[in-house]
Amino acid sequence: MNRTLEDVIHKNIANTERITAENTLGYVVSDNITGNVAATSFDNTSAQGIVKHMNILLAGLVQSAIRDIDPSNSVCYLRVLTRKFEYLVAPEELFTITVLQ
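Criteria and cut-off values
Residues numbered from 1 in each chain as written. Predicted model: local features only at pLDDT ≥ 70, side-chain atom pairs only at ≥ 80, totals over all residues. Heavy atoms only, no water. Core = buried A, V, L, I, M, F, W, Y, C linked by side-chain atoms within 4.5 Å. Buried < 20%, exposed > 50% of the residue type's maximum accessible area, 1.4 Å probe, protein only. Helix = DSSP H or I, 4+ residues; strand = E, 2+ residues; numbered from the N terminus. Pairing = 2+ DSSP bridges. Axes fitted to C-alpha atoms, helices over the stretch in contact; angles between N-to-C directions.

**Structural notes on the nonpolar core**
Of all hydrophobic cores here, the largest spans 10 residues; its members are V28, A47, I50, V51, M54, A59, L78, Y87, V89 and L100. Elements with a minimum of two residues in this core: helix 3 (44-69) and strand 4 (86-91). Take this core: its biggest share by element is 5 residues, from helix 3. By size, the runner-up hydrophobic cluster in this structure holds 8 residues, among which are Y27, A39, F95 and V99.

Below you can see the structure in the form of structure tokens.
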């Protein structure tokens, strides 16, 4: 895992604990460069599935659609509501945070 990503995770541990204490099923923090899971409250298989489908495929597609409309713009936050769950995706330059409610 990237040292910068580790620093960000450790600096924001209070926010992570607050998020997981509320109505949250779990979270995943993934490295955008390698696509690896950096931190998660899920088991490895579930975390890899979330990273693959939400962070890499869907967030990448949305980012591409936004850039097609306005090349100077980017996605700050993505909220996906399904019948059972709500996915909150926050893509950053080095990492992506996904929270499942």
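**Structural notes on the sheet that holds strand 2 (residues 37-40)**
On the basis of which strands lie adjacent, the open sheet formed by 5 strands has the order 2-1-5-4-3 and antiparallel pairing. The sheet is open, and its two edges are formed by strand 2 and strand 3 (78-81), each paired on a single side. Pairwise comparison of adjacent strand axes, ignoring direction, gives a mean angle of 15 degrees for this sheet. As defined by bridge partners, strand 1 (residues 26-31) adjoins strand 5 (residues 95-100) across 6 bridges and the pair is classed as antiparallel. Paired with G26 across the strands is L100, a residue of strand 5.

From the geometry alone we can't say anything about function, so treat these as descriptive.
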